[in-house]
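# Architecture at a glance
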Amino acid sequence: MISETRQVSVSCIDTGDNRFRITTDTDTTRLAASLQTTGLINPPVLLETDSGFRIVCGFRRVAACRQLAWSKLHARILPDATDPLHCVRLAVTDNAFQRSLNPLETSRGLALLSEFYPDPASLAEAAAPLGLPGNASLIRKLLPLCRFHPDLQDGILTEHIALPVALELDTFSPDEGLALAGLLRSLNLSLSKQREIVGLVKEIALREELPVHRVLDASPIRETMADPDPDRNRKAARIRSYLRRRRFPAITEKEERYASLVRQLKLEPGVHLTPPPHFEGPAYTLTLQFRNHAELAARRDALDRLLQATVLREILD
């Protein structure tokens, strides 16, 4: 229970103790400006200790007061004997019911609760009333995030690394996961392309019996990343193409040869020839697009010319 609200010296507050910290936001510029204008409307919650005060709720508020060089502030004080679980509940709800928590903040809240509810089912039951996910499957995915390397956490927060991919990177060794995370953060890819790159690198490393960092240190990747061209989409396309050629050399060779032969066919607009997926079957697809009878007749003539092309025979053979 909160026993009293009183004025305390800012210097007596231990800002290095992050035991109950949930928020990932450390920018207090706007908050400090608000405090300077309106004052401290919602006092932080502090736990009294033998050496001073530990922050339970209000890390950014205390930091903003320090930024303003305030010597004292009003706070709600918890006695030293307060149940730690009560402190955790206060910390979680103070954050969860003010705004939507990002994945890392959610993970921090769940990690605090898991100290008292180690069983997944009981953790889910305890989390839901506090504004945290009550789904055990989602909790299992989010819980590890708060122990990830800061670089990987930053990638999640900036949305340069999708959560499913971050969980995949956690299965690599720390150095390998960080190397992949650095590449993904630089390229800023969609989820599907992130998964593609991680999967290709992993398969190449396994097939060639190389560590991941050796795969990523290949000249085509280093040269692409060092290219001053700021277009990240172009860089990503070059790296994906290189990795795919390295992982599937036979298929890539067939694709490149097929593309060269199709260019020699000089197909007219509205005529499209599609090979079997991965060149693993005998059936090709020919698509004719037309809007009227005259265009259909033109496509028929184009088809007649196509049937006479020796390049077509080379493709089909």
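All of the points below concern the structure found in this document. (Residues numbered from 1 in each chain as written. Predicted model: local features only at pLDDT ≥ 70, side-chain atom pairs only at ≥ 80, totals over all residues. Heavy atoms only, no water.)

Our focus in this paragraph is the packing of helix H1 (residues 29-38) against helix H2 (residues 59-67). Close contact between H1 and H2 brings their axes to 9 Å; oriented N to C, the two are set at 70°. The orientation of H1 with respect to H2, classified from their angle, is roughly perpendicular. Contacts between H1 and H2 involve Thr29, Leu31, Ala32 and Leu35 on the former and, on the latter, Arg60, Arg61, Ala64, Cys65 and Gln67. Taken together, the residues that form the contact of H1 with H2 break down as five nonpolar, two polar and two charged. (Axes fitted to C-alpha atoms, helices over the stretch in contact; angles between N-to-C directions. Helix = DSSP H or I, 4+ residues; strand = E, 2+ residues; numbered from the N terminus. Parallel < 35°, antiparallel > 145°, perpendicular 65-115°, else oblique. Contact = heavy atoms within 4.5 Å. Nonpolar A, V, L, I, M, F, W, Y, C, P; charged D, E, K, R; others polar.)

One non-glycine residue with positive phi stands out, namely Ala69, at about 65°. Mapped onto the fold, Ala69 is located in the loop between H2 and strand E5 (72-78). If you check the backbone angles, Glu159 has positive phi at about 65° while not being a glycine. Relative to the helices and strands, Glu159 is located in the loop between helix H7 (150-157) and helix H8 (163-169). Glu159 sits in the exposed class, given a relative accessible area of 65%. (Buried < 20%, exposed > 50% of the residue type's maximum accessible area, 1.4 Å probe, protein only.)

The next point concerns the pairing of strand E6 (residues 271-274). Of the two faces of E6, only one is covered, namely that formed by Val271 and Leu273; the face formed by His272 and Thr274 stays uncovered. Where E6 and strand E7 (residues 285-288) come together, four bridges link them in antiparallel fashion. Looking at the pairing, His272 lines up with Thr287 of E7. (Pairing = 2+ DSSP bridges.)

Bringing the pattern of salt bridges into the picture now. Counted by the stated rule, this structure contains 22 salt bridges. Put simply, Glu105 and Arg99 hold a salt bridge, and the shortest N to O gap is 2.7 Å. Given a relative accessible area of 32%, Arg99 falls into the partly exposed group. With its nearest N and O atoms 2.7 Å apart, the salt bridge here joins Glu208 to Arg246. With Glu208 in helix H10 (residues 191-208) and Arg246 in helix H13 (residues 232-247), this residue pair connects regions lying 38 residues apart in the sequence. Owing to a relative accessible area of 30%, Glu208 belongs among the partly exposed residues under this scheme. Classification of Arg246 by relative accessible area gives buried; the value is 17%. Because the salt bridges share partners, they merge into one network encompassing Glu4, Arg6 and Glu48. (Salt bridge = Lys/Arg side-chain N within 4 Å of Asp/Glu carboxyl O.)

The next subject is the layout of surface pockets. By volume, the largest pocket is sized at about 310 Å³. Contributing to the lining of the largest pocket are 17 residues, with Arg60, Arg61, Asn95, Gln98 and Arg99 lying nearest its centre. Elements with a minimum of two residues in the lining of the largest pocket: strand E4 (52-57), H2 and helix H3 (84-96). Its boundaries defined by the atoms lining it, the second largest pocket holds a volume of some 150 Å³. Taken together, Lys254, Arg257, Tyr258, Leu261, Phe279, Tyr284, Glu314, Ile315 and Asp317 make up the lining of the second largest pocket. (1 Å grid on protein atoms, 1.4 Å probe; cavity = no way out; pocket = protein on both sides within 12 Å on 5 of 7 lines; lining within 4 Å. Points joined across faces, edges and corners; volume = space filled by probe spheres on them.)

Below, the discussion takes up the sheet that holds E5. Spatial strand order, E1-E5-E3-E4-E2: five strands in an open sheet with mixed pairing. In the strand order of this sheet, the two ends are held by strand E1 (4-9) and strand E2 (13-14), each with one partner. Summarising the sheet, strand E3 (residues 45-49) and E5 pair through three bridges and their orientation is parallel. Each bridged residue has a counterpart across the sheet, and for Val45 the counterpart in E5 is Arg76. Along the sheet, H2 contacts E2, E4 and E5; its crossing angle with E4, the most-contacted strand, is approximately 125°. Against the sheet, H3 engages E3, E4 and E5, with an angle of about 50° to E4.

Across five bridges, E3 lies against E4 in antiparallel orientation. In the strand pairing of E4, Leu47 is matched with Arg54. In this structure, the hairpin formed by E3 and E4 is closed by a connection of two residues.

Each aromatic ring pair is summarised here by two numbers: the centre-to-centre distance and the angle between the ring planes. For the structure shown, the criterion picks out one aromatic pair. Centre to centre, the rings of Tyr258 and Tyr284 are 6.4 Å apart; their planes meet at 35°, and the pair counts as tilted. Of the two residues, Tyr258 sits in helix H14 (residues 249-265) while Tyr284 sits in the loop between E6 and E7, which places them 26 residues apart along the sequence. Assessed through its relative accessible area of 25%, Tyr284 is described here as partly exposed. When the ring centre of Phe172 is taken as origin, the NZ or CZ atom of Lys202, which lies over that ring, is 5.8 Å away. (Phe/Tyr/Trp six-rings, centres within 6.5 Å; stacked < 30°, edge-to-face > 60°. Lys NZ or Arg CZ within 6 Å of the ring centre and 35° of its normal.)

Turning to the environment of Gln7, a few remarks are in order. With respect to the helices, strands and loops of the structure, Gln7 is situated in strand E1. It is 6.2 Å that separates the C-alpha atoms of Gln7 and Ala75, two residues lying 68 residues apart in sequence. Contact partners of Gln7, with chain neighbours within four places excluded, come to Lys72, Leu73 and His74.

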